Amino acid sequence: MKPIRINRIESLILRAMGEILIKEKDVLTGDNLVSVTFVKVTPDLSIARIYLSIFPVEKRQEILAYFEANKKYIRKLLGQKIRNIRKIPELQFFIDDSFDQMQRIDELLKDG
């Protein structure tokens, strides 16, 4: 079981990243739909793994690469949103493909 502090920090980062994506939509995502599905923080609070759901699917790698290239800027924005954490964790971005997996399972069940 995760400590309450880590859960709280994950929730703070999730909420703040959602606000950043809304406010910085033109800069970060353009006309694409990007949402943060969940955040995992390492026990030492040094790394935050942020999982993104990206539509259209064809642009996933391009958008993920953009987020990776601009993670210092995004981390700065995150630091401005979250003031009650001593040190903002390093950010790592990943594609959340759980929706795709659900669709594949659903298709397999229909075919079976």
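Structure first, text after, so check above.
Anyway, here's the lowdown on the structure attached to this text. These numbers were taken from a predicted model, which means no experiment stands behind them.

Looking at the nonpolar core
Soluble globular proteins: nonpolar side chains tend toward being buried together. Counting residues in each nonpolar core, the largest one holds 29 residues, and the members touching the most others are I13, M17, I50, F67, L78 and F93. When residues of this core are traced back to their parent elements, those giving at least two are α1 (4-23), β1 (33-41), β2 (47-55), α3 (60-69), α4 (71-81) and β3 (90-95). Considering each element in turn, this core owes the most residues, eight residues, to α1. Not counting chain neighbours up to four residues away, the residues in contact with L78 comprise I13, A16, M17, I20, I88 and L91.

Comments concerning the pattern of salt bridges
A full pass over the atoms with the stated rule returns three salt bridges. Of the charged contacts, one joins K71 and E68 as a salt bridge, the two residues approaching to 2.8 Å between their closest N and O atoms. Taking the relative accessible area as the measure of exposure, K71 reaches 26% and is therefore partly exposed. Among the ionic pairs, E90 bridges to R75, the shortest N-O distance being 3.0 Å. Here the residue E90 occupies a position in strand β3, and R75 occupies one in helix α4, the gap between them amounting to 15 residues. In this structure E90 comes out as partly exposed when scored by relative accessible area, which is 39%.

Looking at the packing of aromatic side chains
Tallied over the full model, the rule gives three aromatic pairs. Seen from their ring centres, Y51 and F94 are 5.3 Å apart, and the 25° between their planes marks the pair as stacked. Taken together, the residues span a long stretch of sequence, with Y51 in strand β2 and F94 in strand β3 at a distance of 43 residues. Exposure remark for Y51: the relative accessible area of 18% places this residue in the buried category. With a centroid separation of 5.3 Å and 70° between ring planes, the pair formed by F67 and F93 is classed as edge-to-face. Taken together, the residues span a long stretch of sequence, with F67 in helix α3 and F93 in strand β3 at a distance of 26 residues. Overall, the relative accessible area of 0% leaves F67 in the buried class.

Here's the deal with unusual backbone geometry
Residues apart from glycine generally show negative phi values, whereas peptide bonds are mostly found in trans. Going from F55 to P56, the amide bond is cis rather than trans, its omega being 5°. For P56, the location among the structural elements is in the loop between β2 and α3. Even without being glycine, L45 reaches a positive phi, approximately 65°. Examined against the element boundaries, L45 turns out to sit in the loop between β1 and β2. L45 sits in the buried class, given a relative accessible area of 18%.

The rules behind the values
- Residues numbered from 1 in each chain as written.
- Predicted model: local features only at pLDDT ≥ 70, side-chain atom pairs only at ≥ 80, totals over all residues.
- Heavy atoms only, no water.
- Core = buried A, V, L, I, M, F, W, Y, C linked by side-chain atoms within 4.5 Å.
- Buried < 20%, exposed > 50% of the residue type's maximum accessible area, 1.4 Å probe, protein only.
- Helix = DSSP H or I, 4+ residues; strand = E, 2+ residues; numbered from the N terminus.
- Contact = heavy atoms within 4.5 Å.
- Salt bridge = Lys/Arg side-chain N within 4 Å of Asp/Glu carboxyl O.
- Phe/Tyr/Trp six-rings, centres within 6.5 Å; stacked < 30°, edge-to-face > 60°.

Geometry only, nothing functional implied.
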